[in-house]
Amino acid sequence: MRFVALLVTSLLTAVEVSGSFKVYQKAARECVSALRIPKARLASYHRFSFPPDRETMGFVRCVTLVLNLWEDCTGINWHTIGSSVDEPTSREVCHCIASQIAIIDPSDVCAQAYYSLRCFRRNVPTILSDAVVSADYSIEAPTPNTTFVPLTPVQIAKEFTTCLAECGVAAFKFCSRDDPFPNTPEIRCALYCTAVRTGVYSEQGGALLNNLYAQLARCETPDSFRFRMELCFQRRVQPPGTCPQEVIYQQYLPCLLPEYLRFL
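Residues numbered from 1 in each chain as written. Predicted model: local features only at pLDDT ≥ 70, side-chain atom pairs only at ≥ 80, totals over all residues. Heavy atoms only, no water.

Participant: How would you explain the pattern of salt bridges if you had to name every residue and give the values?
Facilitator: All told, the structure shown has ten salt bridges when counted by the stated rule. Note that Arg197 is salt-bridged to Glu159, the shortest N-O span being 2.6 Å. Of the two residues, Arg197 is situated in helix 9 (residues 185-197) and Glu159 in helix 8 (residues 153-166); the sequence distance between them amounts to 38 residues. When its relative accessible area of 22% is taken as the criterion, Glu159 is described as partly exposed. Residue Arg188 is joined to Glu246 by a salt bridge in which the shortest nitrogen-to-oxygen separation is 3.1 Å. With Arg188 in helix 9 and Glu246 in helix 12 (residues 244-263), this residue pair connects regions lying 58 residues apart in the sequence. Each of Glu220, Arg228, Glu259 and Arg262 takes part in salt bridges that share partners, so that together they form one network. (Salt bridge = Lys/Arg side-chain N within 4 Å of Asp/Glu carboxyl O. Helix = DSSP H or I, 4+ residues; strand = E, 2+ residues; numbered from the N terminus. Buried < 20%, exposed > 50% of the residue type's maximum accessible area, 1.4 Å probe, protein only.)

Participant: Can you lay out the state of the cysteines for me, pointing to particular residues and giving the numbers?
Facilitator: Using the criterion set out here, one finds four disulfides in the structure. Covalent S-S linkage joins Cys31 and Cys62, the inter-sulfur distance amounting to 2.1 Å. Handedness here is read from the sign of the S-S torsion; for Cys31 and Cys62, about -85 degrees, the answer is left-handed. Here Cys62 lies in helix 4 (residues 54-66) and Cys31 lies in helix 2 (residues 20-34), a separation of 31 residues in the sequence. Accessibility expressed as a relative area gives 0% for Cys31, which makes it buried. Shown here is the disulfide that connects Cys167 with Cys189, its sulfur atoms set 2.0 Å apart. Between Cys167 and Cys189 the sulfur-sulfur dihedral comes to about -65 degrees; the bridge is accordingly left-handed. Placement of Cys167 in the loop between helix 8 and helix 9 and of Cys189 in helix 9 is noted, with a sequence separation of 22 residues between them. (Disulfide = S-S within 2.5 Å.)

Written out as structure tokens, the structure is:
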């Protein structure tokens with residue numbers, strides 16, 4: 001899809017920003033790095049190819065935030081776009097956006113940005129001569145724990161394998177049709193060991209949500225991620241004095257396993 005490319009380049013061309021495509025490229029590089037999107041996709045984004053997958057939706061949101069074209073709370077930044085869009089056209093855009101937003105998860109800001117901007121491009125095909133691009137190109141992203149470095153799937157699997165051996169698990173089938181995590185002391189030990197070794201759990205602090213966000217979240221605000229996780233954890237809270245291995249298995253595993261499966 002070329003709607004974002006046309007929107008961005010139209011805006012940049014309209015204000016005659018020196019090296020406007022370089023501004024977009026800079027924002028694209030920053031967003032690919034911040035979202036941990038494979039760098040191989042950057043070439044595709046530079047060619048203005050934006051397939052409707054989750055990584056690309058996150059990328060679109062990030063780039064439009066950087067270029068001050070989008071805000072999560074208010075949507076398209078009409079102040080940046082300026083007065084080139086007349087009132088009837090802006091109403092058409094807003095009507096289109098409302099119809100899209102109505103069928104999107106309210107917490108899914110990436111999909112909202114992606115489909116809102118598609119509505120914009122559909123209704124505003126011409127160059128916007130009065131657009132203004134913000135000079136602030138910093139990414140408004142959460143600052144994770146600076147001592148935490150997210151692991152790759154291979155690194156997580158390696159830590160888990162090490163913990164399985166340390167906890168005396170003789171065999172583990174990752175692709176088993178049966179429950180791969182039976183409630184045994186050895187499996188509980190291995191899960192606890194892995195959570196600690198990968199930096200997402202401590203016995204003193206419990207689940208480290210900042211680190212979990214940095215590790216797992218691809219297209220979600222930190223507040224949304226924290227709200228979902230805390231709500232899930234609270235539903236499964238264990239009695240005081242429960243051993244950490246049991247807490248990991250009974251309280252955290254049901255909430256975090258789907259997140260890790262999406263990540264892996």
